[in-house]
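Secondary and tertiary structure notes
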Protein chains: 2
Amino acid sequence: MNSTRGCPRLLVLALSTLFVLGCASSPTPGAEEPKAGMEAEAVVDPLPSWNDTESKARILDFVRAVTDPDDPAFVKPEERVATFDNDGTLWVEQPLYAEMAFALHRIKDLAHVHPEWKTQQPFQAVIEGDKEALLEAGAHGLVEIVVASHTGMSATLFDTIVTQWVRDARHPKFERPYTELAYQPQLELLRYLEANGFETFIVSGGSVEFMRTYAEPVYGIPVERVVGSSIETRYEVQGGKPSLFRLPVIDFVDDKAGKPVGIHKHIGRRPILAFGNSDGDFEMLQWTTAGSGGARLGLILHHDDAQREYAYDRQSRVGKLDKALDAAGQSGWVIVSMKNDWKTVFSEK
Amino acid sequence: MNSTRGCPRLLVLALSTLFVLGCASSPTPGAEEPKAGMEAEAVVDPLPSWNDTESKARILDFVRAVTDPDDPAFVKPEERVATFDNDGTLWVEQPLYAEMAFALHRIKDLAHVHPEWKTQQPFQAVIEGDKEALLEAGAHGLVEIVVASHTGMSATLFDTIVTQWVRDARHPKFERPYTELAYQPQLELLRYLEANGFETFIVSGGSVEFMRTYAEPVYGIPVERVVGSSIETRYEVQGGKPSLFRLPVIDFVDDKAGKPVGIHKHIGRRPILAFGNSDGDFEMLQWTTAGSGGARLGLILHHDDAQREYAYDRQSRVGKLDKALDAAGQSGWVIVSMKNDWKTVFSEK
C-alpha cells in the first residue's frame, strides 16, 4: 500500500517508466524476482538524469548486490531502509532553508499583533531585515523565532498556514515555488529504490509538520515516512471538539547525533543507505555505514554547481559540509558531484 | 512493500485465504478495485473467528463503505489508517502486562548485582513478591522499576534481553508463551483491513522497543508501524563503534491523552478506525471518531469471558474499562464482546 501512496498521479506522469514500474504494487524487482528486476534495468535506465559516472555505477551496483539473493551483500527486503536528508539533499537549501524563510515571513505577519517586537530582539532584526543582528541572536534567537512562528495554534491550523505559504512562496534566485526545486535525479533514485524493495524515509533537521505538508506531492513520500524535528503538542477537548495544540516547547531536534536517535525512534531499523549533504548528516551516514549484514551505502551530495544551482561546502553558513567531506574518503562514502554526476538538476513540471 | 513486510511466512500459513489476498501486493481490493474486493469477500469469510453478530456486521459494513468510491462514507486509501491498542486488545493483558512481568523478572536478575535493593523499595517488594508494598510504591515506584529494568544498556542489548525473555516466558494461567496468546479474531481483522487498503498500526502504552521484538512475527505488523512509550536514547561512538545508549529518562508516555499525541508524532494522519479495550484508549477512540470526511469506527474489546480468557472491566487494576464503557453508547463505538462475538480467542499455532 505504501508504494501506492508513494506515487501520486502527478509524479507518475512526470517520471520515468521505471518509476511506473516502481508504483505497480506487483512484487518488487530484486525483492521477489531479482532476475526480472535486472531485465527491467537493462531495458530502461532507472536513473536517466544521472550521468554515467562512478557515482551512478556505485548506486546501481549497490542495489544489484543487496537485491541478489545469491550475492553475499544481499539484504532482506524488510531491512532495506533508505534515509534521505531533505534541505540540500532532496531540494534547494540556499540561500536560506525554506522553513526559515517561512519562519521569518510568519514573524513579520505576527508583528502586527506584537508591537513590542519592534524593539525586541531577535524579532526587531527580522522585521528590519537586519542580518547582522539576526546572527548575533544566535541559537537562542533562532529558537525564539521557531517557537514564535511554529507554535501557539492547533496542528490543523499550522498545517493550513504552512500549506498556503508553500503554495505562494517563491525562491529568491529561481523565482519558482520551492516545490518546483526538488532535484529530479533524487526523485528518480527514490523511485528506483522503492522499485527494488526499499522503504524510503526523509530524515531531516527540519520540523516534521512543515515537511509533511509537501513531502507526498513533491517527493512521493507519505507523511508517515517523514522523520524530523518536532515541538510538543497537547491533546485538548474544547466544546466537545478534540484538537492537538502546539506548545511553545521544542520536543526533539533531529539533526547531527539526533538523526540516528530519530531514525531509531521512528523507524526502528538501521538504514542500509543514507544520503545527505552536510555535517548535519555525518552521524546518520556513520550509523548507517557501520551496520553489518550485507552491503551499506553512504552518499553525500556536493553542491559544486554555481551555474545550475549553488557551489558551497566548508565555509557555508547554510549546509556546511566540512567534517563529513573529510570523513567520506576513509568511510567509503560516495561524494555525488551535482556538476558532474547530474545531467539535470530540477524536476521539470 | 509494507504489505510484504506485514505477512511473515508463519502467518501466511496460519491465516485465511483472504489474508493471502492481502499479502499479494496487487492493488488492494476496495482501494483500486472495490468490485474485486467485494467478490473476494463474498467468496470467503474474511473474519472466520468472528461470530455472525452485530459487531461483525458493523465492521464489514464499515469496510465496505469506506472502500466504495460511490459511497458517501468512502475514504481514500492513503487516509485509511487503523490503530490498535496492544495489551488486552491484540493479546492477553491479565493478570499482569507482559512487559511488567518482564520488568519484575529483570529486577530480580539485577538484584544479584544490587545487594542494596534488598532493603530498598520498590525493589525489595519486587524481590520478595510483596504485592501490597509494590502497590504502595505507586506511580513513582513504577517509574523506578521501568527505568531500572529498561535502561542503562545499548538498544541492541535491550533487544536481545527482551527477545530472550519473550521466547522463554510462560503465561501463569495458560502456561504458554505470551506470543501464543494473541487473539485470532484480531489477526484476521488486521489482515482484512490491510487487504482493503488500510495501513495498520499498534498504538500502545507499552514501550515501543519492547513491542518491536515480537510485533512482526506475532501480529504481522512491522516495527515501523509500532507506536508506544519510549525512553531517551543517546548516540555514542566508542572505539569507532557507534551505538544507541538507553538513558534512565522517560521520553514519552503513549497512553490516554498521550495516544492522539503519539499518533500525530509518529503517523501524522488521524485514524479512521481505532480499537482499544480500556480507559487508556478513550482519547484515541475520541480523536478517531471525531474525525470528518467519510466513515469512522471506534471499537472496544470487552473482556467478559472468564471461561476462555478473563472477565473484567470497571473495577480492574489492569486494563480498567469504565469511562470508555460509559462513553461508548453516545459515541457510537462498537463494544465487542469476547464471549459472544468471538468464535475462538487465541491463535492456534
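Quantities reported herein were computed from a predicted structural model and do not represent experimental measurements. (Residues numbered from 1 in each chain as written. Chains lettered and ligands numbered in written order. Predicted model: local features only at pLDDT ≥ 70, side-chain atom pairs only at ≥ 80, totals over all residues. Heavy atoms only, no water.)

Let's talk about the relation of the copies chain A and chain B
Overlaying chain A with chain B gives an RMSD of 0.0 Å, the required rotation being 180° about an axis along which the chain moves by 0.0 Å. Expressed as an axis order, the relation between the two copies is that of a two-fold axis. Here 98% of the contact residues of chain A are again contact residues in chain B; the copies associate through an equivalent surface. (Least-squares fit on C-alpha atoms with pLDDT ≥ 70 in both. Contact = heavy atoms within 4.5 Å.)

A word on the interface of chain A and chain B
Taken together, the 45 residues of chain A in the interface contact 44 residues of chain B. Summed over both partners, the interface of chain A with chain B comes to about 3600 Å²; 54% of that surface belongs to carbon and sulfur atoms. Our count for the chain A to chain B interface comes out at six salt bridges. Asp-251 of chain B is the partner of Lys-265 of chain A in a salt bridge, and the nearest nitrogen-oxygen pair spans 2.7 Å. Elements with a minimum of two residues in the side of chain A that touches chain B: helix H1 (2-5), strand E3 (226-238), strand E4 (241-252), helix H13 (258-266) and helix H14 (282-289) of chain A. Tallying contributions element by element places H13 of chain A first for the side of chain A that touches chain B, with five residues. Tallied by class, the residues present in the side of chain A that touches chain B amount to 17 nonpolar, 12 polar and 16 charged. (Buried area = accessible area lost by both parts, 1.4 Å probe. Salt bridge = Lys/Arg side-chain N within 4 Å of Asp/Glu carboxyl O. Helix = DSSP H or I, 4+ residues; strand = E, 2+ residues; numbered from the N terminus. Nonpolar A, V, L, I, M, F, W, Y, C, P; charged D, E, K, R; others polar.)

Describing the environment of Glu-116 of chain A
All names here are of chain A. Looking at the element boundaries, Glu-116 is found in the loop between helix H6 (98-110) and helix H7 (123-128). Assessed through its relative accessible area of 36%, Glu-116 is described here as partly exposed. Reaching out from Glu-116, the side chain makes a polar contact with the side chain of His-114 at a distance of 2.8 Å. (Buried < 20%, exposed > 50% of the residue type's maximum accessible area, 1.4 Å probe, protein only. Polar contact = N/O pair within 3.5 Å; in protein donor to acceptor, adjacent residues only side chain to side chain.)

Let's talk about the confidence of the model for chain A
All names here are of chain A. A residue-level look at chain A finds 87% of positions with pLDDT of 70 or above and a mean pLDDT of 89. Residue range residues 1-38 is modelled with pLDDT below 50. Its contacts to residues more than four positions away, or to other chains, number 91 contacts. ipTM for the predicted complex: 0.87, alongside a pTM of 0.88. (pLDDT = per-residue confidence, 0-100.)

Looking at the packing of aromatic side chains
The geometry of an aromatic ring pair is captured by the separation of the ring centres together with the interplanar angle, meaning the angle of the planes. Applying the stated criterion to the full structure yields 40 aromatic pairs over all chains. Seen in terms of ring centroids, Tyr-235 of chain A and Trp-287 of chain B are 6.0 Å apart; in terms of plane orientation they differ by 90°. Their pairing is edge-to-face. Of this pair, Tyr-235 of chain A sits in strand E3 while Trp-287 of chain B sits in helix H14 (residues 282-289), which puts the two residues in different chains. One exposure class covers both Tyr-235 of chain A and Trp-287 of chain B, and it is buried. Connected via pairs of aromatic rings, a cluster forms that spans Trp-91, Phe-102, Phe-158, Trp-165, Tyr-178, Phe-210, Tyr-214 and Tyr-219 of chain A. The positively charged end of Lys-173 of chain A is found above the aromatic ring belonging to Tyr-310 of chain A, 4.2 Å away from the centroid. The ring of Phe-252 of chain A carries the charged tip of Lys-265 of chain A above its face, separated from the ring centre by 4.9 Å. (Phe/Tyr/Trp six-rings, centres within 6.5 Å; stacked < 30°, edge-to-face > 60°. Lys NZ or Arg CZ within 6 Å of the ring centre and 35° of its normal.)

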